[in-house]
Amino acid sequence: MRASLRKGSCVAAVTADRNAVGALKGLGRAVILLGPPGAGKGTQAQRIAKRYELPHLSTGDMFRDHIQRGTELGKKAKPLMERGELVPDEIVLGMVEDRINQPDCANGFVFDGFPRTLPQADDLERICRNNRLGCTIVLHMVVDHALLMRRLTGRRICKAGGHIYNVYNRPPKVEGVCDFDGSELIHRADDSEGVIGERLAAYDRQTVPLVEYYTDRGLLSPIDGMAEADTVTESISRILDGAKAAR
Ligand code: AMP
């Protein structure tokens, strides 16, 4: 039996499919963190990836890597990212499909920052069906815009390992230095007030429609993203533990 996206039928169909092919490691599903910039998607994705042994994918990190390596893709993405605009779907989709088709994603993955538009969501569902992954689990991180501004302007990211800090409420022990690996902490250029406004506007315009898209398919779980990071992790873990037990 194939995974179906029709509302209500998805979980049962996937469970039957998994039973037919035998036990698989991991969740066997794509986990999507949906939410505005600064909602805590990166922090939570890192934790989920570790706990459930899933690869952590981030389109933002992929683009930053392309920019650093000076690739053609990076040259196209750079000016858009600097302005806080989304990179066009045709550029995003090829890059994402190549990544999801790598063997380490065969038993699921956690995605932070993708999908961000309706065509991207459609494409993700197509790729997951082709790769015989179960229904997507969408964790919708709900946070006020005022709090997002504070989180983003205070955010610092470790250069080597991507560990995330905030100068206001989660500072490193030594200013500018990662507690875990001693590497330099970076303040992203697009985490400045001017660009954040455009990023939030892009979110409202292009990404918010995904809330209805996934709600209609019965795939969306709202998460209170205003809570402390550990409390958010507990809420998410309850959902994912439930999904794992249902396999
Ligand atoms: P992030 O690190 O997720 O905040 O992404 C940083 C920037 O990368 C965004 O402001 C966009 O310019 C670009 N970007 C990341 N993911 C996507 C995506 N799925 N679709 C389009 N643009 C993206």
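First things first, this report covers the structure right here in the doc. Starting from 1, residues in each chain are numbered consecutively following that chain's sequence as written. Restriction of local features to residues with pLDDT of at least 70 applies here, the model being predicted, together with a cutoff of 80 or more for giving and counting side-chain atom pairs; totals for whole chains, interfaces and linings are based on all residues.

## Section: unusual backbone geometry
In the segment running from Phe114 into Pro115, the intervening peptide bond is cis, with an omega of 0°. Notably, Glu53 is not glycine yet its phi reads approximately 55°, a positive angle. Secondary-structure assignment places Glu53 in the loop between helix 2 (41–52) and strand 2 (56–58). Despite not being glycine, Arg132 has its phi angle at roughly 55°, a positive value. Counting from the N terminus, the helices are DSSP H or I runs at least four residues long and the strands are E runs at least two residues long. Mapping Arg132 onto the fold places it in the loop between helix 6 (118–130) and strand 4 (134–142). To sort residues by burial, count the other C-beta atoms lying within 10 Å of each one's C-beta; a count of 20 or more means buried, 12 or fewer means exposed, and anything in between means partly exposed. C-beta atoms are built from the backbone. The exposure class of Arg132 is partly exposed, given the 15 C-beta atoms found within 10 Å.

## Comments concerning the sheet that holds strand 7 (residues 185–186)
Paired strands, as defined in this entry, are two strands with at least two bridges between them according to DSSP. An order of 6-5-7 is seen for the three strands of this open sheet, with the pairing classed as antiparallel. Looking at strand neighbours, the two that pair on one side only are strand 6 (164–166) and strand 7, the edges of this open sheet.

## Regarding helix 6
The span one expects for a helix is its residue count, reduced by one, times 1.5 Å. For helix 6, built from 13 residues, the straight-helix expectation of 18 Å at 1.5 Å per residue is met to within 8% by its first-to-last C-alpha distance of 19 Å. The set of residues buried in helix 6 consists of Gln120, Ala121, Leu124, Glu125 and Cys128. The buried residues of helix 6 occupy an angular sector of 140° when the element is viewed end-on, so they sit on one face. Facing away from the buried side of helix 6, by more than 90 degrees, are the exposed residues Arg126 and Asn130. Any residue pair is listed as a contact if its two C-beta atoms, each placed from the backbone, are within 7 Å. Close packing links the buried residues of helix 6 with strand 1 (29–34), helix 5 (89–100), strand 4 and helix 9 (209–216). The directions considered for the arc run from the helix axis to the C-beta atoms.

## Things to note about the site of the ligand
Near the ligand, the surroundings consist of 17 residues, among which Thr59, Gly60, Leu86, Val87 and Gly113 are the closest. Sorting the residues of the shell around the ligand by element identifies helix 3 (59–69) and helix 4 (72–83) as the ones contributing at least two each. At three residues, the largest contribution of residues to the shell around the ligand is made by helix 3. In this classification, Asp, Glu, Lys and Arg are treated as charged, Ala, Val, Leu, Ile, Met, Phe, Trp, Tyr, Cys and Pro as nonpolar, and every other residue, Gly included, as polar. Looking at the shell around the ligand residue by residue, the class counts come to eight nonpolar, five polar and four charged. By definition, a residue lies near a molecule or strand when the C-beta atom built from its backbone is within 6 Å of it.

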